[in-house]
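Residue strings, one per chain:
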Amino acid sequence: MRAASVPLVRAIGGPFAVGYQHGAARAGALRAFIGDDLCRINRLAPVPVSVESLRPAIAAYGAAIAAATPRLSEEIDGLAQGAGISRELAVLLQLRREIIGYQRVPSRGDCTTYASLSAGPDGGPVLAQTVDLNGDLDDQIAVLDVRLSGSARRALVLSFGGLLGYLGVNSDGLAIGLNLVLGGEWRPGLPPYLAIRHLLDNAGCVAGALAILRGLPLASSRSLTLCDQASVACVEILGNEQRLVSSAQPVHTNHFLHPDFTDFDELNVFARNSSLLRLKACEAGLRGLAGSGTGAGVEEHFALLAQPTICVAGTGDIRRERTVAAVVALPGRGELHVRPGDPSRSSTRTFKFTPDGTADGCPVRSGGP
């Protein structure tokens, strides 16, 4: 297998300082990404866009982010200054998925996620998923180690192309993953990627995260899977509505599961077939991993995520989703394990909380920081 390459960005301090450190560390990569057909948006959407044409949308989303999560808005300011780009472009980096929308792109696959309280190492909790994206974004991957001043809580966050949030685990033992589901009106609001980061910054458990999530004005439909050391939850988001999907070991792909939402699903038939196949394959694989009674190791979880049905291979078409990373999060240990690119062809890189910072590739250590 290839040696994994995942940049680690350590960012400590107030929101602006955290954003500045992120932007400065990734400045060259972010400017090159922006210069690549405007964050590759114009390689994905059939109608070309420009910063000028997007200016009203960027302003509306930026205002919504500032109103809902002022600290993240300040962090975006820091990201802009650190990377040497405008605030407009720094906001755009957070909005790529919303700008592309779901009616313009023929979705084929977009993440397979599961959580269990007993399938992790030594029978502990685990949250794992593939990350399926279009735009060939595996070259934009990074892990952020964030500690905001005034809080002892830290977060390890998987990021792509300047995103302040995507998925991750915090030092209190809360892990959050996600899936794209398609429905409802996508409108200016808080992008779910930023909502996940907000939850990791402000919640120490699943119940606390769900309580915060209910008050957020989310911009677009998603499914979030949450796991701490004692509980799991899966919540689907459609417009202004949220529904919990009841399951002791939640598995989610890209179609709505809650009966209140299934009639509003906009997933095309080909993508739905892929979503159903991945769901069944993952449910069967998770039963096998959990059935031993002693749980499964990190590499066993990656073996499941790398199965051909679950891992979506590339076709050479940048417009089509493919698996650009896989993640195994251990909330009880404060660990984030990442395989960049196709997980069947890459090796694992490990990030964890330690008293003096995060270290990668270290022996597993139980407990928090």
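In case you missed it, the structure is sitting above this.
Residues numbered from 1 in each chain as written. Predicted model: local features only at pLDDT ≥ 70, side-chain atom pairs only at ≥ 80, totals over all residues. Heavy atoms only, no water.

Visitor: Which residues make up the packing of aromatic side chains, and what values go with them?
Guide: For the structure on display, the rule yields three aromatic pairs. Ring geometry for Tyr166 versus Tyr193: centroids 4.8 Å apart, planes at 50 degrees, classification tilted. Here Tyr166, found in the loop between strand 5 (154-160) and strand 6 (167-170), pairs with Tyr193, found in helix 6 (residues 192-202); they are 27 residues apart in sequence, far enough to count as distant. By relative accessible area, Tyr166 is classed as buried at 1%. Under the relative-accessibility criterion, Tyr193 is labelled buried at 7%. Considering the side-chain rings of Phe256 and Phe261, the 5.5 Å spacing of their centres and the 75 degrees angle between planes classify their relative orientation as edge-to-face. No difference in accessibility class separates Phe256 from Phe261, as the two residues are buried. Chaining the aromatic ring pairs together yields one cluster made of Phe160, Tyr166 and Tyr193. (Phe/Tyr/Trp six-rings, centres within 6.5 Å; stacked < 30°, edge-to-face > 60°. Helix = DSSP H or I, 4+ residues; strand = E, 2+ residues; numbered from the N terminus. Buried < 20%, exposed > 50% of the residue type's maximum accessible area, 1.4 Å probe, protein only.)

Visitor: So what's going on with the layout of surface pockets? Residues and values would help.
Guide: Counted as a void, the largest pocket has a volume near 210 Å³. The wall of the largest pocket is formed by 15 residues, among which Arg71, Leu148, His198, Asp201 and Asn202 lie closest to the centre. For the lining of the largest pocket, the secondary-structure elements that each account for two or more residues are helix 4 (70-83), strand 4 (141-148), strand 5 and helix 6. Here the residues of the lining of the largest pocket are counted per class, giving five nonpolar, five polar and five charged. (1 Å grid on protein atoms, 1.4 Å probe; cavity = no way out; pocket = protein on both sides within 12 Å on 5 of 7 lines; lining within 4 Å. Points joined across faces, edges and corners; volume = space filled by probe spheres on them. Nonpolar A, V, L, I, M, F, W, Y, C, P; charged D, E, K, R; others polar.)

Visitor: How would you explain the packing of helix 8 (residues 269-290) against helix 9 (residues 298-305) if you had to name every residue and give the values?
Guide: Running from N to C, helix 8 and helix 9 cross one another at 160 degrees; their axes reach a closest spacing of 10 Å. Classified by the angle between their axes, helix 8 and helix 9 sit roughly antiparallel to one another. Handedness of the crossing formed by helix 8 with helix 9: right-handed. Where helix 8 abuts helix 9, its residues Ala281, Cys282, Gly285, Leu286 and Leu289 lie against Glu300, His301 and Leu304. For the contact of helix 8 with helix 9, the residue count by class is five nonpolar, two polar and one charged. (Axes fitted to C-alpha atoms, helices over the stretch in contact; angles between N-to-C directions. Parallel < 35°, antiparallel > 145°, perpendicular 65-115°, else oblique. Left-handed = near helix turned anticlockwise from the far one by under 90°. Contact = heavy atoms within 4.5 Å.)

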